[in-house]
Every structure is written in C-alpha cells, then in structure tokens.
Amino acid sequence: MSRRRHSDESDAGSQPHKRRRTSEPIEIEDRLESLICRVGEKSTSSLESNLEGLAGVLEADLPNYKSKILRILCAVARLLPEKLAVYTTLVGLLNARNYNFGGEFVEAMIRQLKETLKSNLYSEAVYLVRFLSDLVNCHVIAAPSMVAMFENFVSVTQEEDIPQVRSDWYVYVVLSSLPWVGKELYEKKDVEMDRLLNQIEGYLKRRQKTHVPMLQVWTAEKPHPQEEYLDCLWAQVQKLKKDRWQERHILRPYIAFDSVLCEALQHNLPPFTPPAHSDDAVYPMPHVVFRMFDYTDAPEGPVMPGSHSVERFVIEENLHCIIKSHWRERKTCAAQLLSYPGKNKIPLNYHIVEVIFGELFQLPSPPHIDVMYTALLIELCKLQPGSLPQVLAQATEMMYMRLDTMNTTCIDRLLNWFSHHLSNFQFRWSWDDWADCLTQDIEKPKPKFVKEVLDKCMRLSYHQRIVDIVPPSFSALIPADPVCSYKYGEEADSSLPGLAMATTVGNAIKNRASNEEILIVLKDVPNPNQDDDDDGGDGFNPLKIEVFLQTLLHLAAKSFSHSFSALAKFHEVLKTLTDSDEGKLHILRVLYEFWRNHPQMISVLVDKLIRTQIVDCAAVANWIFSPEMAHDFTRFYVWEILHSTIRKMNKHVQKIQKELDEAKVKLEKQHNKKASITDTNTSDMTKDDNLFFFQRFIMLLTEHLVRCETSGVDINTTWYKNCIERLQQIFLMHHVIIQQYMGTLENLLFTAELDHHILAVYQQFCALQL
Amino acid sequence: MSIKLNALFSDSYMDISQYRDQDFKGNRYEQEKLLKQSCSLYVGNLSFYTTEEQVHELFSKSGDVKRIVIGLDKVKKTACGFCFVEYYTRADAEHAMRFINGTRLDDRIIRTDWDAGFKEGRQFGRGKSGGQVRDEYRQDYDPARGGYGKLDPTNVIFTTGT
C-alpha cells in the first residue's frame, strides 16, 4: 500500500493529485490488516501458534484500534470464505479474552448480514451465515440462538407469492452451513433440528424444477447425473446425518484450543427476521452441479470423495471461493488452488480441473470471463508439469467422448478453450485417438467439434500449420485455405454481367476516385431486376452492389486493416447502395460470397458494417436465417456473428437509455421540476430486434417439427438438437435484456398454441427467475 | 461496510510498467494519467510473421477489439514484431493484461503493456536500422525476428582492447 509523501505531489506538474476518497492509511492499521489477512499462510510456525500470537497482538490493540479490527474481521468473514475456520478460531480466542469484543463482533456481523441482503450480495451473505454458524463451534455464539436463526430462515418457505429463488436461497444457506455446524446443533437441539430438516424436505419435494434441463451441461444421466444444486446438497446433508455428522475434511483449528474456548461465555444471536421480499431483490439463479469425475477416474493416490459426500461439497465450495478471491492474478490463484489444505488426502488436481470446467461451462454464463480459465489452466500446468497436463488431457478426452449429449453452448466454450490452450503448447495433441470421428457424418457432434477446433486453431496460426499438425486422414476436417473468391477475376467468363464495369470501378478506385465519382461510374450498371429505368436508377440494384463490393473487397483483401480502410473510405457509396432493406441483405450476401472461405474475415467485416451503420441487426438476422445460409447455420462462426450482433444492439440501446436518463436529470436540474420529455421507450427498440430473432427461430423450428410429423420421422436430428439449443442460447446469453420484456414474448410469440417442444425452452427460461 | 482489504486482493497484472515513451508529448504525470485510463495496449515480442488476423483472434478473447496497428520497420515498411491493440472499453483491455499478457501467440510468449494511445508515427520502429531498438543490440539468433540483431556481433566496437 503506497503512502504518498508530499514530494510526490510537487512532481505532479500543474495539476494537483486528486486524493483518494478513503481515509489516509496509518501504518499500524495497515499492519493490522496485513497480519489478519495473512494469518494461516505459509509460515515456519504452526497455524495454532500463529493464531495464538495474533490473538495476543489484537487483544493488546483493542483499546486503540477496536473499530478497525472489527471492520477487518467482518471483511475477512465476507471475502475470505476459504479461510473460514481460521478466522472463526481467531474470533473465538478474542472472545475468550474479551467478552465484550465478542459481543460487538457478533452485532457487527448481523449488521453486515442485513446490508448484504439488502444489496443483493447473496453469495457473500452465505459466507457470513456460515461464519456465524462456525462461531458456535468456537463457543462465541450459543447453539440454540443459531437454531432459532435457521428456523426463521426456513420459515421463508411458508411465505406466499414469493419467487421460488427466494425460498431456495434461505434453504440453501441453512443446508450449506450444516457441514460446519450440524454436529454441534444436533448435540444441543436435535428435536428442533429434526423438525427443521423435515420442513426443508417437504419444501424440496414440492418445489418446481422446470429450469433444470436448461442448465445441464450434458443431457445424459450417465456416467454422472447433472443434479440440481439443492437436490445434491440435500443428499449430501442426508448422508452426513446418517454418518452422525462426522465430518473429517474441514480444517478446524479451534479444536486445538478447545480447553480455552469452552471457558468462554457465549453470546446469543439477536432474533433475525429475513428482510421481506421486494421487487428490487435479485436472488441467485439456480444452478446444476457439474460433475465429470468420480473415484474411478483418479488412477492412483487418494480416492475422490463420492458425489453425495459432504467432503465433495466442502472441497468444491472452497475451490470456488479461492477462484473468486484470486481470479485477477492467475499465478496467485494457481498457487492458492494447489496449496489447498488437506490436499494430500484428495486427488486435488482432479478436483481443481472439475471445478474449473464446472465454472467455464456454467449456464447461463461463467462467473468470470472465459479467457481467465484458459490462463489459469496454463499456470496450473506450469506449476505441476508432471501431473496436471495429464489430468487435463484425460478430461479433454472424456469430454470428447461425451460430445453427443453436451449442450451446444458448452461445446462452443469447450472448443474455444481447447484451441486456445493448444496454441500455447505448439498444437500438440494425439489426433489419431480421435480417428473415430472420421467415419461419422460431418454434421455429427464429434467431427463437427474437431472441424471447428481446427478452424479456431487456424485463426491463431495459419493454414499450412494446421495441415502439418493433423494426420493426413483428417484432411476432410481441415478448414479451407482462407483465400477470397473474386468473381470478376481473370478466370471469369467474359459473358459475366458486370465484368467490364468491375474493371472500370477497380481502376477508378486505384486512381483515388471520390465517393461521388464512384457513384457516377456505377450509374451505368444495369439493374437486372428492372426493365425500365427508374429515376436515376437509385433503387435496389443487386448488380451494382456486387460489382462495387466485390471489386473493393478484392483490392483491400490483404488484411483486416486494408478492408476496414476501404469500407471507411467508401462509406458514402455503401450507404447509398444499401439504402433499402434488400440492399442491406444483399451486401451481406456479396460479402459472404467473396469471403466464404475466411469466416473470421466475414465476422469482422459484418461487425464493421454494423458499427458504421451500413447494415442493421435486422439485416444480419435476415441473412443468417435465409435459405442460402442454411448449410452454414450450424457453424460456429455464424453464432459468433449473431451473438456479437445482439450484444452490440443491446449495448447501443443501453447507451441511448443512459444518455436519455442523464439528459432528463440535467433538464430537471435546470428547470427544477419534473422533465416532460416524451420518454422514448428504448426497450421497444431492442425488443423489436430481439423479437425478430425469436420469430425466425420459431418459424425454422416449427417447419422442422411439422415436416417430421407429417413424414413420421423422429424430430431429434442432429440439426434439431443444435437449433433448439441455439434458441436456448439466445435466452441464456442475453437474459438480462430479455427478462425486461418477458410479457411481450409471452403474449406475442411464446403462446400456448406453440409446439410444446419450443414452448418448453421458454418455460424453462422463465423458471430461472421464479 | 465495505473495506477493500487492499493487502489481499491485488491486481498486479494491471499495473503500469516502468517503461515510459520518450517521444511522448507531455510530462511524466500526464503520461501516467493516460496510461491509467487507457484502452490501448502495446504488444511486444511478436514474430515478424504474425498477422493482424492472428492478433485479432487472440485479443478478441478479452473483448471487442476496436483497432489493431501493426508495428512496421521504418525503412522497409514491413512488420517488425510489435503492434498496438485498442479496445472499446478499459475493462476489456484490463482482461487482456490479466490473461493474454505472458501467454503465447505464434508459439512466442508475448508481452502486453499499457499504451498512452496511438498517434501517427508510433507504428514505426525506433531502432537505427528501422526495426525496434531491442533488435539493434540483440545478440541471440531469432529466426522469427530477422535472425541476429542488427549490429554485427563481430564488429570491432564489441571487442576489448585495440
């Protein structure tokens, strides 16, 4: 932490530094923060003696720094859940030495809990409640008062007219604390606890689970069922109860201090009423527990705890918490993961890989940006070069074997990760192991996956490299050499319409013609769609577009920058040519024709055309859903383009909404009264465009379903699975925006008359927030 | 409620480095201010053969890329192993610093650093021979960066004595 000295300010030039808003850090407070945060980290002394020492230091500092110490301890409780028991032990020791401090800490924690709930910080609230429950083990909080808090939580399940995700959360927070405190609570209050668990069981039986299919990474139940998170946790708690709450994984430093701690006086938690539901509340979405390994997968060494063991839950929780704390610094994150306490008793590498992929594949979206996981796995491979790469290879192999039932969105993420990972390791892979995909139809998941991976690998390198890295038998899956297809080149048929004009236009561009001059040249291009000329021939003329754009793209084909420059230079011409909707659609068609072997180029040029407003999102949607693109409809690059388009659209609308809001506020300030600007409902803008995508999907899917029905064919073709999961993907990837106009979706599109297969997707999506 | 525990949640991949552009028009303070708000990155240790397409694919993993400017030899006007990548948002550039810096492109470990912002002229190498300064004095053989460094290692100025 830097402490600015006055001499720094005088170096700053004419502008004085803006002071940071937080108060000036004092050396001792810094030291306290450091001591507390770092306790338990690698040290020559034992954890117990470090805790003992720290407790002594803090006790001595209490008279002067009590509020700072309270705040630091509350913060570590909230932000360092992976070190939960280290800090509860510390608080226990402090409480034993200073009863009042213990009481003040508990009060501060309750205040903090209320605030986190009000601020929709539900995962942090879980850590706080868990911390409080572990304080029971440290004799800081009396067990009966903890049970009372849990009873209040579980009574939320009796509330009426609340979203299911609300009661889910309150049940989750109780269940997820039991691995830590179940034993103690049962010893003191078994009757009440049994009643509590019965209530929970009843709730779990009656709650809806419509959302589950949408969140599963694999649709198959074998080899590992993808369980709904509350179901899995319930099974784990049941098993723990059967084992009489004997839990051996959690590190519990307080056990060593039992003689000291049991002398301490305990505090009662004040009665805590869960805050009432409000419309602002955003509860966590449900999730599915990702499992890809079990005890049969780790060949030697410690056995992996079973899927319904509470150890599995605790390990996964802790690993998730470590990633949450350290994701910004991949080296630290990798080191922290690999130094997980108790690592010698578990196949840690397998747990780490499973947790990382679990996050990467999480639906609707991973907790952190995808590329973080790639970087993290590379760091882990660096730190454990003798073991982790093998686990990773095993995992990749397993996921390849199960591609047939993997959710399309997850396949996208997998191929992105795998290709990027390979590019860091000279593309070394045992491709021959995957030779089985060569005998399958190229649209099947396995060959499709390999093809898309090779495509992505090529983007990170070059065509010949890909040819060199795969065995010759894989040649059908190698991407096309990304060269352009100029129709007016030397080999063109002399009778090709527009050929002469293309040469003229090309020369004009080379001679630095202006936009006006080009437009004049283009006036002479005949319109194949019309017999008579209309005034000035300004209507939609597909030949004009072809001649101009093909020639322009050809001249600028050298690189992205050349093409971007070209589009910028002739923006006016392009705008004129694409004045109509047909024009916009045609420009995309021409672009596709020209660059069909270079999907990456198509992608970046479509992006530029949207950003420079030459085409709009509706045109992109029309183009993607057009019959001409049907053969590429399942290709990854098409969906990259589509999602990128939707994102840009949504960002644009959000930006306009923000500007509108700011303008309103400004106006109100100026006039000192409520602004009466007619509020353009910007949500209508996105709504219409998004509706369009949904509409086209529904049409496409309905056609397929009807066709299959009439010919008595099974609907579940590879194409259908891909398409319906792409529809799901639209919902999931853009759920924040879409959720704003669910009513419209329901009234206009996803009505009861819709085929139930399609309607199911909509219903599952709705269930995510109910 | 929220104290940040600065001691713990460092974000060191984001820090600005020691490098300061000597040609920057402005004082150190101004340069640092721009670096701390910048959405632009300098990318170094590229192969001379790395294309804009490859750079675009890699750097798009942290967000939408606004522009790439490939660094050129001032004399030959060919790629000389560096480039600038500009994002639309700072957050996307930060992710690149955290997760792309120090990983491989074209089999080489690339290095990213905050850049105060592209200005015409900055796309050229500043070494006497036209490429980057680092390639002037480099003594190892790097086939992806034109082979040996520009200064002849057998040159008399490197030998001791007369």
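Cut-offs and rules
- Along each chain, residues carry numbers from 1 onward, in the same order as the chain's sequence is written.
- Chain labels run from A onward and ligand labels from 1 onward, assigned in the order the entries are written.
- Per-residue local features of the predicted model are confined to residues with pLDDT of at least 70, and side-chain atom pairs are confined, for both listing and counting, to 80 or more; whole-chain, interface and lining totals are unaffected and use all residues.
- The side-chain quantities take in all heavy atoms of the structure and omit both hydrogens and water.
- Strands are runs of DSSP state E lasting at least two residues, helices are runs of H or I lasting at least four, and both sets are numbered from the N terminus onward.
- A simple rule labels every residue: compare its accessible area, found with a 1.4 Å probe on the protein chains alone, to the largest value its type can have, and call it buried under 20%, exposed over 50%, or partly exposed in between.
- Contacts are assigned to residue pairs with any non-hydrogen atoms lying within 4.5 Å of each other.
- Note that accessible areas follow from Shrake-Rupley with a 1.4 Å probe, and for residues the cover is restricted to the protein chains shown.
- Under the convention used here, Asp and Glu are negative, Lys and Arg are positive, and both His and the chain ends fall outside the count.
- Here the site of a charge means NZ on Lys, CZ on Arg, CG on Asp, or CD on Glu.
- Any two rings among Phe, Tyr and Trp, with Trp reduced to its six-membered ring, count as a pair given centres within 6.5 Å; such a pair is stacked if its planes are under 30 degrees apart, edge-to-face if over 60, and tilted if neither.
- Two thresholds decide whether a charge sits over a ring: the Lys NZ or Arg CZ must be within 6 Å of the ring centre and within 35 degrees of the ring normal.
- Buried area: the sum, over both parts, of the accessible surface (1.4 Å probe) that disappears when the two are put together.
- Salt bridge criterion: a side-chain nitrogen from Lys or Arg within 4 Å of a carboxyl oxygen from Asp or Glu.
- Gly is placed with the polar residues, together with every amino acid not listed as nonpolar (Ala, Val, Leu, Ile, Met, Phe, Trp, Tyr, Cys and Pro) or charged (Asp, Glu, Lys and Arg).
- Here, any two strands with at least 2 DSSP bridges between them count as paired.
- Axis lines are fitted to C-alpha atoms, over the contacting stretch for helices. Their N-to-C directions set the angle, which ranges from 0 to 180 degrees.

(A) Structural view of the overall build of chain A. Secondary structure assignment for chain A yields 33 helices and zero strands. Counting only C-alpha atoms and orienting by the principal axes, one finds that chain A spans roughly 100 × 70 × 55 Å. When burial is assessed residue by residue, chain A has 55% of its 770 residues classed as buried. Within chain A, contacts between residues separated by at least 24 positions form 75% of all contacts whose residues are at least 6 apart in sequence. About 34,700 Å² of surface is accessible on chain A, with carbon and sulfur atoms providing 51% of the total. Across chain A, 84 positive and 101 negative side-chain charges occur, with their mean positions spaced 6 Å apart.

(B) View of the packing of aromatic side chains. A complete count under the given rule lists 46 aromatic pairs over all chains for this structure. The interplanar angle of 75° and the centroid separation of 6.0 Å between the aromatic rings of A:Tyr486 and A:Tyr488 together place this pair among those described as edge-to-face. Judged by relative accessible area, A:Tyr486 falls into the buried class, the value being 18%. For A:Tyr488, a relative accessible area of 6% puts it in the buried group. Ring geometry for A:Tyr486 and A:Phe594: centres 6.4 Å apart, planes at 75°, overall edge-to-face. Taken together, the residues span a long stretch of sequence, with A:Tyr486 in the loop between helix 19 (463-469) and helix 20 (499-510) and A:Phe594 in helix 25 (residues 581-595) at a distance of 108 residues. Every member of this aromatic cluster is reached through a ring pair, and the members are A:Trp218, A:Phe290, A:Phe357, A:Phe361, A:Tyr400, A:Trp417, A:Phe418, A:Trp429, A:Trp431, A:Trp434 and A:Phe449. Sitting over the ring of A:Phe564, A:Lys608 keeps its end group 4.5 Å from the ring centre. The ring of B:Trp114 carries the charged tip of B:Arg90 above its face, separated from the ring centre by 3.6 Å.

(C) Quick look at the interface of chain B and chain A. Residue-level contacts link 37 residues of chain B with 55 residues of chain A. Buried area between chain B and chain A, summed over both chains or domains, comes out near 4,200 Å², and the portion from carbon and sulfur atoms is 54%. Our enumeration of links across chain B and chain A arrives at five salt bridges. A salt bridge links B:Glu57 to A:Arg459, with the shortest nitrogen-to-oxygen separation between them at 3.3 Å. Listing elements by their share of the side of chain B that touches chain A, those giving two or more residues are helix 2 (52-59), strand 2 (65-72), helix 3 (90-99) and strand 4 (104-105) of chain B. Class assignment of the residues belonging to the side of chain B that touches chain A gives a composition of 14 nonpolar, twelve polar and eleven charged.

(D) Structural context of the sheet that holds strand 1 (residues 40-44) of chain B. All names here are of chain B. Read from one edge to the other, the open sheet built from four strands follows the order 2-3-1-6, with strand pairing classed as antiparallel. The open sheet terminates on both sides in strands that have one partner only, identified here as strand 2 and strand 6 (111-115). Along the sheet, successive strands turn relative to each other by an average axial angle of 25°, direction set aside. Bridge analysis of strand 1 against strand 3 (residues 79-87) gives four bridges, and the strand direction is antiparallel. Bridge assignment links serine 40 to a residue of strand 3, and that residue is glutamate 86.

By themselves, these figures tell us nothing about what the structure is for.
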